[in-house]
Amino acid sequence: MYGGESQVLRSSRNPIQKFFILAGTETVIHFPLIFSLPQTNKNFRQTFATSATFILAMALNPEVQKKAQAEIDRVIGTDKVPTIADASKLPYTMAVLKETMRWHPPVPLSIPRRTTQDDTFNKYFIPKDTVVIPNLWAVSRSVANPEQFNPDRYLDKNMSSSIPDPSEWAFGMGRRICPGRYLAENSLKAIVTGILATFDILPPENEIILPEFTSTHVSYPKPFRCQIRPRSQEKEQLIKARVLEVKVT
Ligand code: HEM
């Protein structure tokens, strides 16, 4: 599909480029192969894990996908790909990103700590030198119907004040909070809006996706099949142009 330049791009080590190339060919894909998670720079695994979870959530929730695409088309137009600067104008799409991080947090258990003095929390006595593991998964399950993928929970004024925003817990907490969180959030804004603006993500023909995740420290979907197709011929041209703009250093 991408002619001569595809040779260069196919040998790229940049997983986002690989994603765009394979997605453009309308292949039914095996997601972790594209993002090559085990080989990915370890600081970016969480970002790619979140991207994989997002793709899975879209394949499972077509009505959410259509609503976010409609928002992007209405606010940004259909002839360009949104940038990070557009994110604040796309509340529903940003709620999709928040809900992705809540539905399956990429780091379900954060990094252990050891208490430096005796403490009491919620009537529990915690002696000095206790190892405490922050359970981010439990935070993600502290909402109504936690297994339901429902971005509206972040927009409904009656609900949203009691829903903890993943920006405030999915990256850990305190002095050791993730130093890469702003980079990660901005990368995810670009990935989520870029994919929704240009591609349709569909389940495979005649197959039901059963979502399963790895039980690793950085958790991501087990291999699943889905179809990723350019939304139109115009979008296909946009994707081609965008792929060639990406510079790998
Ligand atoms: C969705 C993406 C990401 C998530 C969910 C995430 C999550 C986390 C969590 C939960 C911690 C433990 C924080 C704590 O102990 O309270 C952490 C630590 C860390 N993260 Fe991230 N992270 C992400 C992306 C990144 C990126 C892109 C980078 C670097 C470019 C990065 C670099 C680090 C480093 C260096 C630490 C260790 C900090 C320390 O121990 O002082 N992370 N991250």
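For the protein, the name recorded in an unreviewed UniProt entry is Cytochrome P450, with Dendrothele bispora as its organism. The record held by UniProt for the protein lists under Subcellular location (unreviewed entry) the comment "Membrane". The Cofactor (unreviewed entry) comment attached to the protein in UniProt states, word for word, "heme".

Helix and strand counts for the protein come out as 10 helices and 7 strands. Taking all 249 residues of the protein together, the buried fraction comes to 33%. In the protein, 68% of the contacts between residues at least 6 apart in sequence involve partners at least 24 apart.

Let's shift gears to the UniProt feature "binding site: heme" (unreviewed entry) in the protein. Sites flagged by UniProt as "binding site: heme" (unreviewed entry) map to C178. As for its placement among the helices and strands, C178 is situated in the loop between helix 8 (157-160) and helix 9 (181-198). In contact with C178, other than residues within four places in its own chain, are F171 and G172.

We now examine the site of the ligand. As a matter of local geometry, the ligand sits amid 21 residues, with Q46, G172, C178, G180 and A184 nearest to it. Mapped onto the shell around the ligand, the elements with two or more residues apiece are helix 4 (45-60) and helix 9.

Conventions we followed
Residues numbered from 1 in each chain as written. Predicted model: local features only at pLDDT ≥ 70, side-chain atom pairs only at ≥ 80, totals over all residues. UniProt positions renumbered as here; feature names shortened; annotations may be inferred. Helix = DSSP H or I, 4+ residues; strand = E, 2+ residues; numbered from the N terminus. Buried ≥ 20, exposed ≤ 12 C-beta atoms within 10 Å, placed from the backbone. Contact = placed C-beta atoms within 7 Å. Near = placed C-beta within 6 Å.

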